[in-house]
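Architecture and fold: a report
Below are the chains, spelled out letter by letter.
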Amino acid sequence: MRPDEGETDAAAERARQLLLERLQRRDPVAGHDVVARSLALHGVTHVYGVPGRPIDATLAACLREGIRVIGARHQQGATLMSVAHNYVAGGLRSAVIVSAGPAVTNAATGVLVAHDNRWPLLVIGGQRGTSTGGAGPFQGFDGCSFFAPVTKHAARASTTGELAGCLAEACHAAMLGAPGPVYVDAAEEALSGRTRSPAARTQAHRASVPIARDGAAAAGLLREAASALAACRKPVLLIGKGLRWSGEWTWLRQFVDGLSIPFAASPMARGFLPDDHPLCVSDVRGQALADADLVLMVGARFNWTFHYGIEIAPGATVIRVDVDPDESSPMPGRGIALHGDAAATMRQLLDSLSPEVAAAGTARRDTGWIARLQALRSASEDAVRAQAATALDPMSPFAWLREVREELPASAITVLDGNVVMAAAQRMLPVHAPLGRITAASNGCMGTGIPFAIGAKLACPERPVVALCGDFGFGLTGLELETAIRHKVPITAIVANNGGPGGATRQREFFGSQCREPVAAYTDGIRHDRIMEALGGRGIRVQRPGQLRTALRAALAADSPTCIDVETNGDVQLSPVI
């Protein structure tokens, strides 16, 4: 947490209180204004959406209330922008408003991404008028039932008087405990009607719960975990993106440095500690876990990102810390579950250690094992550098990513979207600062790159944002670059132009040389830079070594979006899911 965040929060609270008092003195207002004022009251600064009935006037009301409205090209893009915005901002600072029927279902991909990743998202869907004499409304659709399985909360506001309460409850639910998506169906009659109850207030919630209901049991678990941590010789710390919701991470360096614990991070947790930290073993995680006698998971899940836990030595003790009770459950026979906010729980764990153990440099670690891990990490880095130095025509992703690495500022946020380019970028591009890496994360959705970059940049305009996309992922949502151009959001998109999903490899391996249908091979000569130019933006073509360095430098200095098309070798190895 930055030093000025407390003062900023206090000022925002005073502004919201003044807004609430002003709203309570007003004459009856339209439902469109109720939505806008409720969002402002709950700290929403941006709304993403696509205009249409019955929410056109709602978007206009948001603008009047001082909320910035970003008009996307597609509802999927709008939800993905909002998801990334909220992740980078650290709370529910944006919302999505879409029209009716197909517009609601178009938002489903972004809702699923938020659900699987435990990210906050508020989607408000319009429901066309129901007063049709029993004939059924045009684009009538039950959004609540549709979204119920993949949201924390889904409700319908059928009248104007219900709007404020529904939105207050939804905002509360999105950030209570483990964050997640919420949905509100707003009936056309509710939006066009008027009410004397224009706003409702609910207490803002962080993603935090007590460590356990029974204080004595919690203390006992902490002592058990502290004892195991003091006795182990080969511990490994696994950190995940759930750390985002703890608010501050100063304890993390104290914990790792003071207790000499090697750590590995999930892709999106990279940067909470810098990749060049001497105890970082992310690139050799499998070897570290195979020998570990204790594994401490904080804000991380045993999903495909951490290979479902199969890398962990059978005899290792596993301590799990998570705000979600399902994710902090113990592993049968060898686990300790600490249920609570990551920062608060880890500080309690540190306090539970004896002063001798907690003192820096006194932990009983197997220094030879740590040295072997560091040597393996160095060898892995050498192998990647050798791969980047291999001359191919066109360039390999590793070769041109080396140029990106040399030009990328340490403060940059890199958004990865694809298969081949994402796998290469994970190895080639280090992360030095928190929130410096965004991927599709837990559910692996492709096409997130451009929308995520737009949302991240609007949430954190002071940091450079670069989206690295495969040509398949780019094709899914690349038209949202027009949204960035229109709203003056200066992101940089780099597209690996390798001829299709997986380059030439997928077409060859799965369809064979005799196949006459180019199922996975794109038309030769597609120019993403010219697509960008046709949208009214700046496009740059890169074909030879050295050109990308210059192009990226110019793009990062520009005050408008840039798309760089990089001719990339298509003969590559496909990256498996695990």
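Just so we're clear, the structure is a prediction, and the values are computed from it rather than from any experiment.

1. Concerning the overall build of the protein chain
Looking only at helices and strands, the protein chain has 23 helices and 19 strands in total. Each of the 578 residues in the protein chain was classed as buried or not, and the buried ones make up 56%. Relative to all contacts within the protein chain whose residues are 6 or more apart in sequence, the contacts with residues 24 or more apart total 74%. Of the roughly 23100 Å² of accessible surface on the protein chain, 53% is carried by carbon and sulfur atoms.

2. Comments concerning a nonpolar patch on the surface
A surface patch of nonpolar side chains, amounting to about 310 Å² of accessible area, comprises Phe510, Phe511 and Val519. Tracing the backbone through its elements, the reader meets phenylalanine 510 in helix H21 (residues 503-511).

3. Some words on the sheet that holds strand S9 (residues 235-239)
Spatially, the 5 strands line up as an open sheet ordered S10-S9-S11-S12-S13, and their pairing is parallel. The strands lining the two open edges of the sheet, one partner per strand, are strand S10 (263-265) and strand S13 (335-339). If you compare each strand with its neighbour and ignore which way they point, the axes differ by 15 degrees on average. Pairing of S9 with strand S11 (residues 294-298), which is carried by 5 bridges, proceeds in the parallel orientation. By the bridge assignment, leucine 238 is partnered in S11 with methionine 297. Across the sheet, helix H11 (residues 250-259) is in contact with S9, S10 and S11; its angle to S9 comes to roughly 165 degrees.

4. A look at helix H13 (residues 342-352)
Buried residues of H13: Ala342, Ala343, Thr345, Met346, Leu349 and Leu350, and no others. Axial view of H13: buried residues confined to an arc of 165 degrees, hence all on one face. Measuring from the side-chain oxygen of the N-cap residue of H13 to the backbone nitrogen of alanine 343 gives 3.2 Å; that N-cap residue is aspartate 341.

5. Regarding the packing of helix H2 (residues 31-41) against helix H3 (residues 56-64)
Following both chains from N to C, one finds H2 and H3 inclined at 45 degrees, their axes separated by 8 Å at the closest point. For the element pair H2 / H3, the angle class is oblique. Remark: the crossing between H2 and H3 carries right-handed chirality. Judged by residue contacts, His32, Asp33, Val35, Ala36 and Leu39 of H2 engage Ala57, Thr58, Ala61, Cys62 and Arg64 from H3. Its residues placed into classes, the contact of H2 with H3 shows 6 nonpolar, 2 polar and 2 charged.

6. Description of the side chain of asparagine 498
For asparagine 498, the location among the structural elements is in the loop between strand S17 (492-497) and H21. Leave out the neighbours within four places in its chain, and asparagine 498 touches Val420, Asp471, Gly503, Ala504, Thr568, Asn569 and Gly570.

7. Focus: the packing of aromatic side chains
Considering all chains together, one arrives at 7 aromatic pairs under this definition. Ring geometry for phenylalanine 141 versus phenylalanine 146: centroids 5.2 Å apart, planes at 65 degrees, classification edge-to-face. The class for phenylalanine 141 is partly exposed, based on a relative accessible area of 29%. Ring plane angle 70 degrees and centroid distance 5.0 Å describe the contact between phenylalanine 146 and phenylalanine 147, whose orientation is recorded as edge-to-face. Among the aromatic residues, those joined into a cluster by ring pairs are Tyr87, Trp119, Trp245 and Phe452.

8. Things to note about the pattern of salt bridges
Within this structure, the stated rule accounts for 19 salt bridges. As a salt-bridge pair, glutamate 65 and arginine 37 come within 3.5 Å of each other at their nearest N and O atoms. You can see glutamate 65 sitting in the loop between H3 and strand S3 (68-71) and its partner arginine 37 sitting in helix H2, a full 28 residues away along the chain. Residue arginine 37 is classed as buried on the basis of its relative accessible area, which comes to 6%. Overlapping salt bridges bring together Arg73, Glu482 and Arg486 as one network.

9. Description of the nonpolar core
Burial of nonpolar side chains together is a common tendency in soluble globular proteins. Counting 145 residues, the largest nonpolar core has Leu39, Val47, Leu122, Leu237 and Phe255 as its most contacted members. The residues touching leucine 122, leaving out its near neighbours within four places in the chain, are Leu39, Leu92, Ala95, Val96, Ala170, Cys171, Val182 and Val184. The next biggest cluster of nonpolar side chains, apart from the first, holds 27 residues, and it includes Met395, Ala399, Ala412 and Val421.

10. Details of the sheet that holds S3
Here 6 strands make up an open sheet; going across it, the order is S3-S2-S4-S5-S7-S6 and the pairing parallel. The outermost strands of the open sheet, each flanked by one partner alone, are S3 and strand S6 (153-157). When the angles between neighbouring strand axes are averaged without regard to direction, this sheet yields 20 degrees. Pairing between strand S2 (residues 46-49) and strand S4 (residues 94-98): 4 bridges, direction parallel. What sits directly across from valine 47, in S4, is alanine 95.

11. A few points about the environment of alanine 103
Among the structural elements, alanine 103 can be located in helix H5 (residues 102-106). Note on alanine 103: relative accessible area 5%, which makes it buried. Counting along the chain gives 52 residues from alanine 103 to proline 51, while the straight-line C-alpha distance between them is 9.8 Å. For alanine 103, the residues in contact, after removing those within four places along its chain, are Gln75 and Val98.

12. Brief notes about the confidence of the model for the protein chain
Predicted confidence across the protein chain gives a mean pLDDT of 89, with 87% of residues reaching 70 or more. In this model, residues 204-214 is a region of pLDDT below 50 whose contacts with residues beyond four sequence positions or in other chains number 33 contacts.

Cut-offs applied
- Residues numbered from 1 in each chain as written.
- Predicted model: local features only at pLDDT ≥ 70, side-chain atom pairs only at ≥ 80, totals over all residues.
- Heavy atoms only, no water.
- Helix = DSSP H or I, 4+ residues; strand = E, 2+ residues; numbered from the N terminus.
- Buried < 20%, exposed > 50% of the residue type's maximum accessible area, 1.4 Å probe, protein only.
- Contact = heavy atoms within 4.5 Å.
- Areas by Shrake-Rupley, 256 points an atom, 1.4 Å probe, with all protein chains shown as cover.
- Patch = residues over 30% accessible without salt bridge, like charges linked within 9 Å, V, L, I, M, F, W, Y side chains within 5 Å.
- Salt bridge = Lys/Arg side-chain N within 4 Å of Asp/Glu carboxyl O.
- Pairing = 2+ DSSP bridges.
- Axes fitted to C-alpha atoms, helices over the stretch in contact; angles between N-to-C directions.
- Arc of directions from axis to C-beta.
- Polar contact = N/O pair within 3.5 Å; in protein donor to acceptor, adjacent residues only side chain to side chain.
- Parallel < 35°, antiparallel > 145°, perpendicular 65-115°, else oblique.
- Left-handed = near helix turned anticlockwise from the far one by under 90°.
- Nonpolar A, V, L, I, M, F, W, Y, C, P; charged D, E, K, R; others polar.
- Phe/Tyr/Trp six-rings, centres within 6.5 Å; stacked < 30°, edge-to-face > 60°.
- Core = buried A, V, L, I, M, F, W, Y, C linked by side-chain atoms within 4.5 Å.
- pLDDT = per-residue confidence, 0-100.

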